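Spelled out, the chains give:
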Amino acid sequence: MTSQTTTDLTKSGAADALDPRRWIALIVIGAAQLMVVLDATIVNVALPTAATALKIGPADLQWVITAYALPFGALLLLGGRIADYVGRKKILMISLAGFAIASAIGGAANGEIMLFAARALQGAFAAMLAPATLSMLNTTFRDPKERAKAFATFGAIAGGGAAVGLVLGGVLTDGPGWRWCLFVNIPISIAVIIGARFILTESKTEQTGGYDVAGAVLATFGLGSLVWGFNQAAKEGWGSYKTFGFLILAVVLLIAFVLVEQRIKNPLLPMRIVLNRNRGGSYLVGLLVGTGLFAVFLFLTLFLQDVKGYSPTSTGLAFLPFSAGVIVGAGVGSQLVLRVGAKIVIPAGLALGVAGLLLLAQLTPTSGYAAHLLPALLLISVGMGFIFMSTTNVALHGVSVEDSGVASAMVNTTQQVGGSLGTALLTTFFASALAKYAGTHPPTGSDPASVKTAINAASVHGYTVAFYWAAAFFAAAAVASLLLINAGKHEAEEAEPVMHIG
């Protein structure tokens, strides 16, 4: 989270003096961001192997993703505020150490509960680490031209890191084992902590209010109850008192959160941020896209490894075109936004996403990668490139200086929260569809080949049902964008860029 009222604790000369070590500092800051981005993709490829080793069932496997994304999204705004007030360098180092400890716990997990708890702890520290890196970048580079170059480099690290994570996750899983997909964060954290200690300059904001702990607690437990309610639906059914009870509790807690934010002096999320038509529309689109997108990678990973027999390394390589498509889509979309505005580009990106997801929904156990999976990945990824940069532009247009940090962090928050909710919800639909299909399509024989064929057919049916629901969320996002977002090319020209931090 950034601030225009930053005060360098170590300044001894002119306020605008440039840090002579700023480009070395960029390497340190970029390495910290690389770890966050790596962790978002490196674990996905290892999921099937980890599930087998720890005996994690299909309905619970989503918690490896959800346990990380939920605290990350829910605590991101609070984490940025803490970094601003306590000191960005200090919080960067503390969160790196905490992330490394959480990674060590996860890598040493002897059961699913230990792994889920470690992933949740990773998410909590990432919620402080990610905004601290972005703030350090903003305060280190004060010259506008140099700052633009630094942000471009930072963005390249984020985009490249996602691709590296996919391949590295496969290589580590095939080599020393899936646990190293978590252990690898330890040496990276140690190296970055040392670099931060000697290279980075401390900075913080003059504190003018509290931390809104009540808002953070209500938001976190409200969203947690919502996710848990969806998860219970897969096991107990939608009519179960457990499912219904947690969903009701979630509604109560989230309503309480809104009421607290309206009344507290220094809210975590000022309601004026989300009540703006275009900005609120961009956040809603981000929420719905996150809801539909995150679980897609989980199901495609399971499809490639469990059904098609891909190795973890081959799975990582199979996802690389998605990273390339996002980069291409962002480049093309950035030009289109300046020509026709986000009100055209966002629905266009969502339409590409719907088309790709509907194509995935046609998968069968015999579907090939080049003929079926690759075209779908390219459609979705190019659409994502359109959406990510366009919604960011809309979210930042017309934001006051005092609200700029919250507005930019909300872009990432909505995606992470949507991802955690969507992963739980789509996993519920997948598990229900799989069980129903398996009950009506038993194996044709008792031999292992017949049983495996029946299991694959039921699993793929479950995946396709989830893909249809993901397409429905994207379609809902398209409708929301058409109804709420009317930002043209002039708004895009006036908005300042912001980087995604998770």
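Residues numbered from 1 in each chain as written. Predicted model: local features only at pLDDT ≥ 70, side-chain atom pairs only at ≥ 80, totals over all residues. Heavy atoms only, no water.

**Student:** What is the right way to read the packing of aromatic side chains from this model?
**Tutor:** Ring pairs (aromatic) are described by centroid distance and by the angle formed between their planes. With the rule as written, the count across this model stands at 13 aromatic pairs. Taken together, a centroid distance of 5.3 Å and an interplanar angle of 75 degrees make the contact between Trp180 and Phe183 edge-to-face. Of this pair, Trp180 and Phe183 both sit in helix α6 (residues 180-183), three residues apart, which is roughly one turn of the helix. Residue classification places Trp180 among the partly exposed positions, given a relative accessible area of 42%. On the basis of an interplanar angle of 75 degrees and a centroid distance of 6.3 Å, the ring pair of Trp228 and Phe246 is categorised as edge-to-face. Of this pair, Trp228 sits in helix α8 (residues 213-236) while Phe246 is found in helix α9 (residues 241-263), placing the two residues 18 residues apart along the sequence. Overall, Phe246 belongs to the partly exposed group, its relative accessible area being 31%. (Phe/Tyr/Trp six-rings, centres within 6.5 Å; stacked < 30°, edge-to-face > 60°. Helix = DSSP H or I, 4+ residues; strand = E, 2+ residues; numbered from the N terminus. Buried < 20%, exposed > 50% of the residue type's maximum accessible area, 1.4 Å probe, protein only.)

**Student:** What should I look at first to understand helix α14 (residues 369-396) in this one?
**Tutor:** Because the α-helix completes a turn every 3.6 residues, residues three or four places apart line up on one side. When the terminal C-alpha atoms of α14 are compared, their 39 Å separation across 28 residues agrees well with the 40 Å that a helix rising 1.5 Å per residue should span. One or two residues past the end of α14 sits Gly398, with phi positive at roughly 75 degrees. (Expected span 1.5 Å × (residues − 1).)

**Student:** Is there a simple way to think about the environment of Ala100 in this case?
**Tutor:** Mapped onto the secondary structure, Ala100 falls in helix α3 (residues 88-107). Once the C-alpha coordinates of Ala100 and Ile188 are considered, the two residues, 88 residues apart in sequence, prove to be 8.5 Å apart. Those residues in contact with Ala100, other than ones at most four positions away along the chain, are Ile186 and Ser189. (Contact = heavy atoms within 4.5 Å.)

**Student:** Which parts of the structure should I look at to understand the environment of Met35?
**Tutor:** You can see Met35 is positioned in helix α1 (residues 22-54). The contacts of Met35, once residues within four sequence positions are left out, are Leu96, Phe99, Leu129, Asn185, Ile188 and Ser189.

**Student:** Sorry, what's going on with the packing of α1 against helix α7 (residues 185-199) here?
**Tutor:** The packing of two helices is summarised by the inter-axis angle and the distance between the axes. Their axes nearest at 9 Å, the elements α1 and α7 cross at an angle of 155 degrees. Put simply, α1 runs roughly antiparallel to α7. Judged by the twist between their axes, the crossing of α1 over α7 is left-handed. Contact residues: Ile24, Ala25, Val28, Ala31, Ala32, Met35, Leu38 and Asp39 in α1; Asn185, Ile188, Ser189, Val192, Gly195, Ala196 and Ile199 in α7. Broken down by class, the residue content of the contact of α1 with α7 amounts to 11 nonpolar, three polar and one charged. (Axes fitted to C-alpha atoms, helices over the stretch in contact; angles between N-to-C directions. Parallel < 35°, antiparallel > 145°, perpendicular 65-115°, else oblique. Left-handed = near helix turned anticlockwise from the far one by under 90°. Nonpolar A, V, L, I, M, F, W, Y, C, P; charged D, E, K, R; others polar.)

**Student:** Would you take a moment to explain the side chain of Asn185 for this structure?
**Tutor:** Checked against the element boundaries, Asn185 lands in helix α7. With a relative accessible area of 1%, Asn185 lands in the buried category. Engagement of the side chain of Asn185 in a polar contact is seen with the side chain of Asp39, the distance being 3.2 Å. With residues up to four places along the chain from it excluded, the contact list for Asn185 reads Met35, Asp39, Phe99, Ser103 and Gln122. (Polar contact = N/O pair within 3.5 Å; in protein donor to acceptor, adjacent residues only side chain to side chain.)

**Student:** In this structure, what is going on with the pattern of salt bridges? I would like to understand it.
**Tutor:** Proximity of charged atoms lets side chains of opposite charge pair with each other. Tallying each qualifying case throughout the model produces one salt bridge. Between Asp39 and Arg119 there is a salt bridge whose closest N-O contact spans 2.7 Å. Taken together, the residues Asp39 in helix α1 and Arg119 in helix α4 (residues 112-140) connect sequence positions 80 residues apart. (Salt bridge = Lys/Arg side-chain N within 4 Å of Asp/Glu carboxyl O.)

**Student:** Explanation requested: the confidence of the model for the protein chain in the structure shown.
**Tutor:** Detailed reading of the predicted coordinates is not advisable wherever pLDDT is low. In this model, the protein chain carries an average pLDDT of 85, and 89% of its residues clear a pLDDT of 70 or more. Taken together, the stretch residues 1-16 has pLDDT below 50 and engages in 37 contacts with residues farther than four places along the chain or on a different chain. Segment residues 495-502 is flagged for pLDDT under 50; beyond a separation of four residues in sequence, or across chains, it makes 31 contacts in the model. (pLDDT = per-residue confidence, 0-100.)

**Student:** Honestly, the packing of α1 against α3 in this entry has me stumped. Any pointers?
**Tutor:** Packing of α1 against α3 brings their axes to within 11 Å, and their N-to-C directions diverge by 35 degrees. α3 is crossed by α1, and the crossing has left-handed handedness. In this structure, α1 contributes Ala32, Met35 and Asp39 to the contact, and α3 contributes Leu92, Leu96 and Phe99. A per-class count over the contact of α1 with α3 returns five nonpolar, no polar and one charged.

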